[in-house]
Every structure is written in C-alpha cells, then in structure tokens.
Amino acid sequence: EYHGKTLYVSEMPAEDVRKIVENLRKYHFAANPEGKNEFYIDPDYMETFLASERYRNFLKNEIKEIMPVRYDNIHIAKVGAYYTPESDRESYLKSVDEGYYCMVYGEHYLETVPKKTTKGNAIKWMIDNLGINYEDTYAFADTYADLDMLKAVCHPFAMGNGEKELLAA
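Definitions and cut-offs
Residues numbered from 1 in each chain as written. Predicted model: local features only at pLDDT ≥ 70, side-chain atom pairs only at ≥ 80, totals over all residues. Heavy atoms only, no water. Helix = DSSP H or I, 4+ residues; strand = E, 2+ residues; numbered from the N terminus. Polar contact = N/O pair within 3.5 Å; in protein donor to acceptor, adjacent residues only side chain to side chain. Contact = heavy atoms within 4.5 Å. Buried < 20%, exposed > 50% of the residue type's maximum accessible area, 1.4 Å probe, protein only. pLDDT = per-residue confidence, 0-100. Core = buried A, V, L, I, M, F, W, Y, C linked by side-chain atoms within 4.5 Å. Salt bridge = Lys/Arg side-chain N within 4 Å of Asp/Glu carboxyl O.

Some details on the side chain of Thr137
Item 1. If you trace the backbone, Thr137 turns up in the loop between helix 5 (119-130) and strand 7 (138-141).
Item 2. Among the polar contacts listed, one links the side chain of Thr137 to the backbone nitrogen of Cys154, at a separation of 2.9 Å.
Item 3. Residues in contact with Thr137, not counting those within four places in the same chain, are Ile127, Ile132, Val153, Cys154 and His155.

Here is the structure:
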C-alpha cells in the first residue's frame, strides 16, 4: 500500500490453499489461511482458538472477522498454522511443496508462503515501480524471517532485541 492505495497484492490459488490446509491437518496443525482482509481458522480448531489467549491478543491488534476455512472466492496470501500438542513440525516441513517455504516462529506458529512472495521482493517491486532511489531505502527487523527484507535495502537495521540468528546474519 502507498498513500492508502493498494498497489500490489499476491494471492495464492484456492487449490494450493486447500492442499496446504489438508497437509497441515495431516500433521495436526490448526491451519489459518490469511489475506489482507480475511482470516480463517480450521473448523476443527475454531472453538479452541476462540477460547485462547492468542485470540484475545489477536483481537487487540487486528480488525478482521475470523471465519471457518472455505475455498470459494478467497483471497489468501499465506497459510499460517498454530501448533497443537500433536503437531509434527519436522514431518510437515519435509512435505511442503517446492513452490512454497515455511517461516517458523518459535514453538507455537509457522507460516507457509509462496517462494515468490517475500518482503524483500515487495521492497524491490516498490523501488522499481515507484522510482525510489535505492540509497533512500531503510528496513528494520527483529526476526530472522525478515532477512530477505534487510538484504533488499541500502540501510538495513537489525533491532537490538532481535532473534539471535538475525543479529548474527
């Protein structure tokens, strides 16, 4: 977005979303496909999610309706997943389709996203399409998942409280 106008949106095909959600179910994750204005939870985990502290924190930070997963007329950019006590992260990570990659956020959440969709690619797109001078680009990050964003700008900053892997890179 730029000056309140959406310039570019990357969306996943509905069939890819379906396959990812089914795969997450296979490995006991609570899938939550998410788009710019849509947030879904696997119906099998909806009640648990609505009762969780994460849901209450989510409501404080986000203004989105939370709906059961569906596949008609969806606009999804990524498929997040909350861990359950039965989750098998390593098996899921090995099973991810080659056009996608996972960002792991500790022991409670991961996201499956298209390889072509990264914050770094978004920054490069903006530089090219808005005529931004590369020397005027800055980025701040605190998680290793944002490393590609830092690599895309002239002036990258890792926050002092950032993840160890990010600070090392």
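Focus: the environment of Glu165
Item 1. Structurally, the position occupied by Glu165 is in helix 7 (residues 164-168).
Item 2. According to the relative accessible area criterion, Glu165 is partly exposed, its value standing at 48%.
Item 3. Taking the C-alpha atoms as reference, Glu165 lies 9.5 Å from Leu147; in sequence the two are 18 residues apart.

A word on the confidence of the model for the protein
Item 1. Of all residues in the protein, 90% have pLDDT values of 70 or greater, and the mean over the chain is 86.
Item 2. Mean pLDDT per element in the protein: helix 3 (residues 53-61) is the minimum at 60, and helix 4 (residues 89-95) is the maximum at 96.

A closer look at the nonpolar core
Looking at soluble globular proteins, one finds that nonpolar side chains tend to be buried together.
Item 1. Val17, Leu24, Phe29, Val79 and Tyr92 are the most contacted members of the largest nonpolar core, which has 21 residues in total.
Item 2. Contributions of two or more residues to this core are made by helix 1 (14-26), strand 1 (29-34) and strand 4 (78-83).
Item 3. Sequence-distant contacts of Leu24, defined by excluding residues within four places in its chain, comprise Phe29, Ala31, Val79, Gly80, Ala81, Tyr92 and Leu110.
Item 4. Counting residues in hydrophobic clusters, the runner-up holds 10 residues, among them Ile123, Leu147, Val153 and Leu166.

Observations regarding the pattern of salt bridges
Item 1. For the structure shown, the criterion picks out eight salt bridges.
Item 2. Asp72 is paired through a salt bridge with Arg70; the nearest N and O atoms lie 3.5 Å apart.
Item 3. Here Arg70 falls in the partly exposed class, since its relative accessible area comes to 30%.
Item 4. Three or more residues are tied together by salt bridges with common partners; here these are Glu38, Arg70 and Asp72.

Some details on unusual backbone geometry
Item 1. Even without a glycine there, the phi angle at His3 is positive, about 50 degrees.
Item 2. The residue His3 is located in the segment before helix 1 in this model.
Item 3. Owing to a relative accessible area of 72%, His3 belongs among the exposed residues under this scheme.
Item 4. Phi at His28 is positive, roughly 65 degrees, even though this residue is not glycine.
Item 5. Tracing the sequence through the fold places His28 in the loop between helix 1 and strand 1.

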